[in-house]
Amino acid sequence: MSDTWIDGNVLAGPLGELVSFEVTTALARCDECARVSVLAETHVYADGPGFVVRCPGCDIVLLRLVQDTAGGRSWLDLRGISYLQVRLDT
Ligand SMILES: [Zn+2]
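Residues numbered from 1 in each chain as written. Predicted model: local features only at pLDDT ≥ 70, side-chain atom pairs only at ≥ 80, totals over all residues.

## Some points on the nonpolar core
Ranked by size, the top nonpolar core spans 15 residues in total, and within it Leu-11, Val-23, Ala-28, Leu-39, Phe-51, Val-53 and Leu-62 carry the most contacts. Breaking this core down by element, the ones donating at least two residues are strand S2 (27–30), strand S5 (51–54) and strand S6 (61–68). Sequence-distant contacts of Leu-11, that is, excluding residues within four places in its chain, are made with Val-23, Thr-24, Leu-39, Val-44 and Phe-51. (Core = buried A, V, L, I, M, F, W, Y, C linked by C-beta atoms within 7 Å. Buried ≥ 20, exposed ≤ 12 C-beta atoms within 10 Å, placed from the backbone. Helix = DSSP H or I, 4+ residues; strand = E, 2+ residues; numbered from the N terminus. Contact = placed C-beta atoms within 7 Å.)

Now the structure itself:
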């Protein structure tokens with residue numbers, strides 16, 4: 001893992017393709033330290049085969065996203081998040 005991270009705004013495109021709400025404004029509760037963070041404030045490592053998103057409080061992995069654009073598939077692993085809270089515009 002590299003020491004260089006970028007903020008969660010980089011997830012707007014790839015995660016936005018999977019969900020119809022503005023994902024970077026969603027609140028995510030860390031399963032390890034219980035910190036609730038706006039997804040845009042998380043630490044994203046994008047130098048691997050996909051994106052690894054870490055908690056800004058305890059550095060545990062919150063989610064992983066891998067895209068196979070040639071095959072038209074994506075894998076989303078949310079096991080580090082207790083819940084994801086989204087605001088629905090009505
Ligand atoms: Zn945490």
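## A closer look at the environment of Phe-21
Here Phe-21 lies in the loop between helix H1 (12–16) and S2. Taking the C-beta count within 10 Å as the criterion, Phe-21 has 14 such neighbours and is therefore assigned partly exposed. Residues Phe-21 and Leu-88, spaced 67 residues apart in sequence, show a C-alpha to C-alpha distance of 7.2 Å. When near neighbours in sequence (up to four residues on either side) are disregarded, Phe-21 contacts Val-86 and Leu-88.

## Considerations on the sheet that holds S2
Taken together, the three strands give an open sheet; going across it, the order is S3-S2-S8, and neighbouring strands pair in antiparallel fashion. Lying at the two open borders of the sheet, with one neighbouring strand each, are strand S3 (36–38) and strand S8 (81–85). Mean inter-strand twist for the sheet, computed between neighbouring axes without regard to direction, equals 25°. Pairing of S2 with S8 involves four bridges; the strand directions are antiparallel. Across the sheet, residue Leu-27 finds its bridge partner in S8, namely Gln-85. (Pairing = 2+ DSSP bridges. Axes fitted to C-alpha atoms, helices over the stretch in contact; angles between N-to-C directions.)

## Section: the sheet that holds strand S7 (residues 73–77)
The strand order across the open sheet built from five strands is S1-S4-S5-S6-S7, with neighbouring strands paired in antiparallel fashion. Bordering the open sheet on either side are strand S1 (6–7) and S7, each of which pairs with just one other strand. Where S5 lies against S6, four bridges are found, and the strand directions are antiparallel. Each bridged residue has a counterpart across the sheet, and for Val-52 the counterpart in S6 is Arg-64.

## Comments concerning the environment of Cys-58
Its place among the elements puts Cys-58 in the loop between S5 and S6. Residue Cys-58 is classed as partly exposed on the basis of its C-beta count, with 14 C-beta atoms lying within 10 Å. When sequence neighbours within four positions are dropped, the list of residues in contact with Cys-58 reads Cys-30, Glu-32 and Cys-33.

## Describing the pairing of S7
Two elements, S6 and S7, share five bridges in a ladder whose sense is antiparallel. Across the sheet, the residue bridging to Asp-68 is Arg-73, located in S7. Here S6 hands over to S7 after four residues, with Gly-72 in that stretch at a positive phi of 70°.

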